[in-house]
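Coordinates in review
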Amino acid sequence: MRRLTPPDLYASTDRCLAFARTLPPPQPRAFTPVHFFWQGRTFGAKAALCLRSFLATQDPQRFRAWLWLEDETAFVQAPHNPHLAPLLPHLDVRRYEWEGLSQGTPLANRPWTQALIPAARSDLARLVCLARDGGGDSDLDALFLRDLGPLLDLAGEAEFCFQWG
């Protein structure tokens, strides 16, 4: 893996942000992907409720849900899952394979990433998806109550995040 130089990019938030601002902008898309990550085998009603609320409140011309399933069984069984099957025509279901998807990121070929607790692995998966494909992300225990469009219109091209509370 190639490490970025100088090394203080890994320790100084200001230097890291300054470096990130020099990177070329991502290619424009017709829509903004919103990433959802699921680790377990059983995709249940609670996680499906999050996706249902997303689909009910977001403009499909502007936003697209990308559901990343890490477990191979969950991915193969998605069309047969009673909670997920009705949603499949409205979202992109993708298999999350750490080794392939992390290539080209600073997290590639790091054996310690496989030994993390599930919450930390989810955080890393989120970072990889956002670094590779841009867009936004949400945990699957959130409910969408309003359209995200006005918020993104207000932010313009600026990147932003908010603290969980």
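Computed from a predicted model, the values in this text were never measured in an experiment.

Let's talk about the pattern of salt bridges
Applying the stated criterion across every chain, the model contains eight salt bridges. With a closest N to O distance of 2.2 Å, Arg126 and Asp139 form a salt bridge. Placement of the pair is Arg126 in helix 5 (residues 118-133) and Asp139 in the loop between strand 4 (136-137) and helix 6 (149-155), with a sequence separation of 13 residues. Assessed through its relative accessible area of 37%, Asp139 is described here as partly exposed. The network of salt bridges with shared partners includes Asp123, Arg126, Asp137 and Asp139.

Overview of the packing of aromatic side chains
In this structure the tally under the stated criterion is nine aromatic pairs. Centre to centre, the rings of Trp38 and Phe43 are 5.4 Å apart; their planes meet at 70°, and the pair counts as edge-to-face. On the accessibility criterion, Trp38 (23% relative accessible area) is partly exposed. One aromatic cluster is present, formed by Phe31, Phe37, Trp66, Trp68, Tyr96 and Trp98 through successive ring pairs. Positioned above the aromatic ring of Trp66, the side-chain terminus of Arg94 is 3.7 Å from the ring centre.

Cut-off values and rules
Residues numbered from 1 in each chain as written. Predicted model: local features only at pLDDT ≥ 70, side-chain atom pairs only at ≥ 80, totals over all residues. Heavy atoms only, no water. Salt bridge = Lys/Arg side-chain N within 4 Å of Asp/Glu carboxyl O. Helix = DSSP H or I, 4+ residues; strand = E, 2+ residues; numbered from the N terminus. Buried < 20%, exposed > 50% of the residue type's maximum accessible area, 1.4 Å probe, protein only. Phe/Tyr/Trp six-rings, centres within 6.5 Å; stacked < 30°, edge-to-face > 60°. Lys NZ or Arg CZ within 6 Å of the ring centre and 35° of its normal.

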